[in-house]
Amino acid sequence: MEHVKIFDTTLRDGEQVPGCKLDTNSKLIIAESLDEMGVDIIEAGFPISSPGDFDSVVEISKLVKNATVCGLTRAVKKDIDVAAKALEKAKKPRIHTGIGTSETHIKYKFNSNRNEILERAISSVSYAKSFVDDVEFYAEDAGRTDNDFLARICEEVIKAGATVLNIPDTTGYCLPEDYGNKIKYLKENVRNIEKATISCHCHNDLGLATANSISGVINGARQIECTINGVGERAGNTSLEEVVMVMRQHKNLNLMTNINSKLLYGVSKLVSSKMGVPVQPNKAIVGANAFAHSSGIHQDGVIKKRETYEIIDPKDVGVDESSIVLTARSGRAALAYRAKNIGFDLNKLELDKVYERFLKVADKQKEISDEELPKIIESSKL
Ligand code: KIV
Ligand code: ZN
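Residues numbered from 1 in each chain as written. Chains lettered and ligands numbered in written order. Predicted model: local features only at pLDDT ≥ 70, side-chain atom pairs only at ≥ 80, totals over all residues. Heavy atoms only, no water.

J.: Could you give an account of the coordination of the zinc ion (ligand 2), with specific residues and numbers?
T.: The coordination sphere of the zinc ion (ligand 2) contains the protein donors Asp-13 (OD), His-201 (NE2) and His-203 (NE2), at a distance range of 2.0 to 2.1 Å. We note that the donor set of the zinc ion (ligand 2) lies within a single chain, spaced as D-x187-H-x1-H. You'll find His-201 and His-203 in the same group, each marked buried. (Donors = N, O, S within 2.8 Å, 3.2 Å for Na, K, Ca; no water. Buried < 20%, exposed > 50% of the residue type's maximum accessible area, 1.4 Å probe, protein only.)

Structure below.
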């Protein structure tokens, strides 16, 4: 099995989102949980962006025991100075620096040209390298960057000391096949590529962030940048819990991570409550309905054998058990199962009568709870 590093950017790209702002104390609690869960790199913030973010990076650097702590910068000397200062106390510090490389970014953001961008990339990596050994370079909007130019810039920043090459699909534009081919192209055309790790950083504008990241690692990337619950700019970043479970469930990929998956649900809840952003109920892995079954056909299958409709054991991600939800779409098997759970062992005749009454009540409301069920059972005996 090959190891894919998990780079969590919940506290940087995730926290950039309006309404997701975290104070230093909340960031420390989240950073500690990420470290405990086995995240390899924690992107703690963008130190030059505000004094609060600077302080958070300082405190996280002091606190984190195992993970590398990373600070984001632009390809600007002052940013790098400030990040280096904020990371001084980190056991394993990393500076993340970079610049936009697509024609759109070069022309409209920087009013510049490829040669100047290349020079800025090289000098920012060399400068960051004068503070720390571990320097990650991001080619912003790499998803829309011409592969030849991207390969050239990657080769030059590796010469300047970059240890990790971040290939962001900043706008979430790529298709999985194209993103995978981009990584493959770099593996095959950057002469010194063995000196660096390629990292996937995908946004979810077309709902493809997880698929793109997985395509990236299938094609040779060995780091994925992601956030808990997929929070992040616009439609969000790659969701950590999704990529971890894809690799865990598809053993034939031969890829593994250090993440203790049993902690995923708890960390998801923690981030959701600290950010004040609810998790959508149908969210893969950690949504409230991820292990809930409500239609009669599915319930009957799950009661007979959980694997008929579940590809993940809920316990593997920290959820106690699958749930059988009673709605007007439920069948007799689900009703008998739930009744038994609360102490009513119904025979066939009783079940038929209770089911008739149950459907009348269920048709009027969304769900039947354990509190209501005894009343339905008792009233149908009359
Ligand atoms: O999406 C992106 O390109 C980024 C970079 C700053 C790494 O978040
Ligand atoms: Zn991003």
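J.: So what's going on with the site of ligand 1? Residues and values would help.
T.: Every residue near ligand 1 is listed here: Arg-12, Asp-13, His-96, Tyr-138, Glu-140, Asn-166, Pro-168, Thr-170, His-201 and His-203. Between ligand 1 and the protein, one listed contact pairs an oxygen atom with a side-chain N or O atom of Arg-12 at 2.9 Å. At a separation of 2.7 Å, an oxygen atom of ligand 1 approaches a polar side-chain atom of Thr-170. For ligand 1, whose unbound accessible area comes to 260 Å², protein coverage reaches 93%. More than half of the atoms of ligand 1 fall within 2 Å of the grid points belonging to the largest pocket. For the shell around ligand 1, the secondary structure elements donating two or more residues are helix H1 (10-14), strand S6 (134-140) and strand S7 (164-169). (Near = heavy atom within 4 Å. Polar contact = N/O pair within 3.5 Å; in protein donor to acceptor, adjacent residues only side chain to side chain. Areas by Shrake-Rupley, 256 points an atom, 1.4 Å probe, with all protein chains shown as cover. 1 Å grid on protein atoms, 1.4 Å probe; cavity = no way out; pocket = protein on both sides within 12 Å on 5 of 7 lines; lining within 4 Å. Sits in = over half its atoms within 2 Å of the grid points. Helix = DSSP H or I, 4+ residues; strand = E, 2+ residues; numbered from the N terminus.)

J.: I'd like to hear about helix H7 (residues 147-159), residue by residue, with values.
T.: Here H7 is 13 residues long and its end C-alpha atoms lie 18 Å apart, about the 18 Å a rise of 1.5 Å per residue gives. If you check which residues of H7 are buried, you get Phe-149, Leu-150, Ala-151, Ile-153, Cys-154, Glu-155, Val-157 and Ile-158. Buried residues in H7 make contact with helix H5 (103-109), helix H6 (114-129), S6, S7 and helix H8 (176-189). Positive backbone phi, approximately 120°, marks Gly-161, located one or two places after H7. (Expected span 1.5 Å × (residues − 1). Contact = heavy atoms within 4.5 Å.)

J.: Please give an account of the pairing of S7 that cites residues and values.
T.: Counting buried residues along S7, 6 of its 6 residues qualify, which places the element largely inside the surrounding structure. Both faces of S7 are covered, namely the face carrying Val-164, Asn-166 and Pro-168 and the face carrying Leu-165, Ile-167 and Asp-169. Summarising the sheet, S6 and S7 pair through 3 bridges and their orientation is parallel. Bridging from a neighbouring strand, Tyr-138 pairs with Asn-166 of S7. Regarding topology, H7 serves as the crossover connection from S6 to the parallel S7, and that connection is right-handed. Of the pairings in the sheet, the one linking S7 to strand S8 (residues 197-202) comprises 6 bridges and is parallel in character. If you follow Asp-169 over to S8, its bridge partner there is Cys-202. (Pairing = 2+ DSSP bridges. Right-handed = clockwise from strand over helix to strand, strands pointing away.)

J.: Describe the domain arrangement of the protein, with residues and values.
T.: Along its sequence, the protein is carved into domain 1 (2-275) and domain 2 (292-379). Once you take the C-alpha centre of each, domain 1 and domain 2 turn out to be 44 Å apart. The partner domain 2 presents 7 residues to the 7 residues of domain 1 that form the contact. In this assembly, domain 1 packs against domain 2 so that about 580 Å² is buried in total across both faces, 55% of it on carbon and sulfur atoms. (Domains from an automatic or database assignment. Buried area = accessible area lost by both parts, 1.4 Å probe.)

J.: Please provide a residue-by-residue account of the packing of aromatic side chains, values included.
T.: As enumerated under the stated definition, the model contains 2 aromatic pairs in all. Note on Tyr-127 and Phe-131: the rings are 5.2 Å apart at their centroids and 90° apart in plane angle, and the pair reads as edge-to-face. Of the residues examined, Tyr-127 reaches a relative accessible area of 22% and is grouped as partly exposed. Judged by relative accessible area, which is 40%, Phe-131 ranks as partly exposed. The cationic tip of Lys-77 hangs over the ring face of Tyr-127; the distance from NZ or CZ to the ring centre is 4.7 Å. (Phe/Tyr/Trp six-rings, centres within 6.5 Å; stacked < 30°, edge-to-face > 60°. Lys NZ or Arg CZ within 6 Å of the ring centre and 35° of its normal.)

J.: Explain the packing of helix H2 (residues 24-37) against helix H3 (residues 51-63) to me, and be specific about the residues and the numbers.
T.: Orientation of H2 relative to H3, taken along the N-to-C sense of each, is 35°, at an axis distance of 10 Å. Judged by the twist between their axes, the crossing of H2 over H3 is right-handed. Across the interface between the two elements, Thr-24, Lys-27, Leu-28, Ala-31 and Glu-32 from H2 touch Gly-52, Asp-53, Ser-56, Glu-59, Ile-60 and Leu-63 from H3. In terms of residue class, the contact of H2 with H3 is made up of 4 nonpolar, 3 polar and 4 charged. (Axes fitted to C-alpha atoms, helices over the stretch in contact; angles between N-to-C directions. Left-handed = near helix turned anticlockwise from the far one by under 90°. Nonpolar A, V, L, I, M, F, W, Y, C, P; charged D, E, K, R; others polar.)

J.: Account for the pattern of salt bridges, naming residues and giving values.
T.: What the rule picks out here adds up to 29 salt bridges. Note that Lys-109 and Glu-140 form a salt bridge whose closest N and O atoms lie 2.7 Å from each other. With Lys-109 in helix H5 and Glu-140 in strand S6, this pair connects stretches of sequence that are 31 residues apart. Linking Asp-141 and Arg-144 is a salt bridge whose minimum nitrogen-to-oxygen distance equals 2.9 Å. Exposure remark for Asp-141: the relative accessible area of 0% places this residue in the buried category. You can call Arg-144 partly exposed: its relative accessible area is 38%. (Salt bridge = Lys/Arg side-chain N within 4 Å of Asp/Glu carboxyl O.)

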